[in-house]
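Chains, contacts and geometry: an overview
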Amino acid sequence: MRNTHVIRLQKLRVSRNKTQKLHRVADLEVTNKVFDDVPVRIYRPRDGNKKIHNSLPAVVYFHGGGWIKRSVDDYDLYTRKIAVNLKLLVVSVEYRLAPQYPYPIPLDDCYKATLYVMNHAAELGIDASKVMLMGDSAGGNLAAVVSHRMKGIEPPLLAQILIYPVTQSLNLQLPSFKLRNASAEWMSRYFLPYFTGSLNASLLFSMVRGAYVSDRVHKQLAKYVDYRKLPASFRKGHVPLPRVKADPSAARALEPFITDPNINPLIREDLSGLPQAMVLTAGQDALRDDGTLYALRLKDAGVPVRHLYYEKGRHGSCCSGNDTEPGSVSFVMDSDIFHFIHSLVSNT
């Protein structure tokens, strides 16, 4: 394990040399570290030629990519943008990826990196009461789950910022999954490597058909993934497909993952006591309903939630480090996120 992390850290160092001039030295200091065997990239704002050391708010960022691709390099411009615009410290986590490192390894890496930040806040120059988790897509899933795993740790996390998060794998036939062709297959091609470390053709076929969940499990969990709780405009024209009899071998292989709340935060029985949340969903995104249902469940559990819906947005609209056109969905999403973070750190 340690050798693998050393190799990954070396790759980060090489890649950083290619991007370190994207912002003036006066704006930012970028360093690569290892937190409890997990490589991270740290973005620390500067004031002229001086590093800002003391009591900075912090964002711990988990990148998207379906648990199987992307890296901190792909998000380098965006995490720089966060640090520079908000004058806070960003820790971008280079968690290991499936299929080589399936569940729970990516999640454990994110949790360990977050715990390290909290336990070493003073030496990192961080205000431990102002640490936020943030992620998009699969990274949003990881941020949601780590937020729960951090319950009971003092001081508590300040917030979780979930950008079109994956929140469940029980029902791949929600209305938003029909917004794009073959969305059940699209998601299954990410779930299976994360669950099992491989893309088994038979299991893929069962997931696409909806033949991977037994009646017993479906009855137990369907209340959490109920399309009827969605806004009427989302449900318009939606006709649920008939239940398909589960393939017994697929159910045996996949139900331990389908029923695990550390993969599927939407099905967790108790969501109370979590940090306040910002949930962003996009109208042209297959994960629209995942995020919407999760925001509703958080609200029902008494968690303060700011849910923003971007009707013209799509998966990938957010998190670009490039300058975005004023008025574009990407620009508005960035502005909303930055305003939310700024209001939090200014009022605490």
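Structural notes, computed from the coordinates.

**Comments concerning the overall build of the protein chain**
Along its length, the protein chain carries twelve helices and nine strands. Scored against the burial criterion, the 348 residues of the protein chain give a buried share of 55%. In the protein chain, the proportion of contacts linking residues at least 24 apart, taken out of those at least 6 apart, comes to 76%.

**Thoughts on the pairing of strand β8 (residues 276-284)**
Along β8, seven of the nine residues are buried, which leaves the element largely enclosed by surrounding structure. Where strand β7 (residues 159-163) lies against β8, five bridges are found, and the strand directions are parallel. Along β8, the bridge assignment pairs Ala159 with Gln276. Two strands pair when backbone bridges link them, and β8 and strand β9 (residues 305-314) are joined in this way by seven bridges, in the parallel orientation. Bridge pairing in β9 links Ala277 to Val305. Read as a crossover between parallel neighbours, the route from β8 over helix α11 (residues 288-300) to β9 is right-handed.

**Re the packing of helix α6 (residues 183-196) against helix α10 (residues 248-258)**
Between α6 and α10, the shortest axis-to-axis distance is 10 Å and the interhelical angle comes to 90 degrees. Between α6 and α10, the angle falls in the class roughly perpendicular. Along the contact surface, α6 presents Leu192, Phe195 and Thr196, while α10 presents Leu254, Phe257 and Ile258. Here the contact of α6 with α10 is composed, by residue class, of five nonpolar, one polar and no charged.

**A word on unusual backbone geometry**
That bond from Ala98 to Pro99 is cis: its omega, 5 degrees, falls within 30 degrees of zero. Along the polypeptide, Pro99 turns up in the loop between β5 (89-93) and α3 (105-119). Cis geometry is adopted by the peptide bond preceding Pro104, which originates at Tyr103 and carries an omega value of 10 degrees. Non-glycine residue Asp36 carries a positive phi angle of around 50 degrees. For Asp36, a relative accessible area of 41% gives the class partly exposed. Here the phi dihedral of Asp37 falls at roughly 75 degrees; this positive angle occurs in a residue that is not glycine. Along the chain, Asp37 turns up in the loop between β1 (28-35) and β2 (38-47). Judged by relative accessible area, which is 17%, Asp37 ranks as buried.

**Comments concerning the layout of surface pockets**
Within this model, the largest pocket holds a volume of roughly 540 Å³. Among the residues making up the lining of the largest pocket, the classes are represented as 14 nonpolar, five polar and four charged. Here the second largest pocket is characterised by a volume of approximately 390 Å³. Lining the second largest pocket are 21 residues; nearest its centre among them are Gly65, Arg70, Tyr75, Asp136 and His315. Ranked by residues supplied to the lining of the second largest pocket, first place goes to α6 with three residues. The class makeup of the residues in the lining of the second largest pocket is ten nonpolar, seven polar and four charged.

**Brief notes about the nonpolar core**
Here is a general trend for soluble globular proteins: nonpolar side chains tend to be buried in one another's company. Counting residues in each nonpolar core, the largest one holds 77 residues, and the members touching the most others are Phe62 and Val93. The dominant element in this core, judged by the number of residues it contributes, is α6, at eight residues. When residues no more than four places from it in sequence are discounted, the contact partners of Phe62 are Val93, Tyr95, Cys110, Thr114, Leu133, Met134, Gly135, Asp136, Gly139, Leu142, Ala143 and Val146. Judged by nonpolar contacts, the second largest core, of 33 residues, contains Val30, Val84, Cys319 and Val345.

**Description of the pattern of salt bridges**
The final tally for this structure, using the stated rule, is twelve salt bridges. In this structure, Asp76 engages Arg41 in a salt bridge whose closest nitrogen and oxygen atoms are separated by 2.9 Å. With Asp76 in helix α2 (residues 76-86) and Arg41 in strand β2, the pair connects residues that are 35 residues apart, well separated along the chain.

**Quick notes on α6**
When the terminal C-alpha atoms of α6 are compared, their 20 Å separation across 14 residues agrees well with the 20 Å that a helix rising 1.5 Å per residue should span. With eleven of 14 residues buried, α6 lies mostly within the body of the structure. Turning to α6, its buried residues number three or more, namely Ser183, Ala184, Trp186, Met187, Ser188, Tyr190, Phe191, Leu192, Pro193, Tyr194 and Phe195. Immediately downstream of α6, the backbone of Gly197 shows phi near 80 degrees, a positive value.

Here is what the cut-offs are and how they apply
- Residues numbered from 1 in each chain as written.
- Predicted model: local features only at pLDDT ≥ 70, side-chain atom pairs only at ≥ 80, totals over all residues.
- Heavy atoms only, no water.
- Helix = DSSP H or I, 4+ residues; strand = E, 2+ residues; numbered from the N terminus.
- Buried < 20%, exposed > 50% of the residue type's maximum accessible area, 1.4 Å probe, protein only.
- Contact = heavy atoms within 4.5 Å.
- Pairing = 2+ DSSP bridges.
- Right-handed = clockwise from strand over helix to strand, strands pointing away.
- Axes fitted to C-alpha atoms, helices over the stretch in contact; angles between N-to-C directions.
- Parallel < 35°, antiparallel > 145°, perpendicular 65-115°, else oblique.
- Nonpolar A, V, L, I, M, F, W, Y, C, P; charged D, E, K, R; others polar.
- 1 Å grid on protein atoms, 1.4 Å probe; cavity = no way out; pocket = protein on both sides within 12 Å on 5 of 7 lines; lining within 4 Å.
- Points joined across faces, edges and corners; volume = space filled by probe spheres on them.
- Core = buried A, V, L, I, M, F, W, Y, C linked by side-chain atoms within 4.5 Å.
- Salt bridge = Lys/Arg side-chain N within 4 Å of Asp/Glu carboxyl O.
- Expected span 1.5 Å × (residues − 1).

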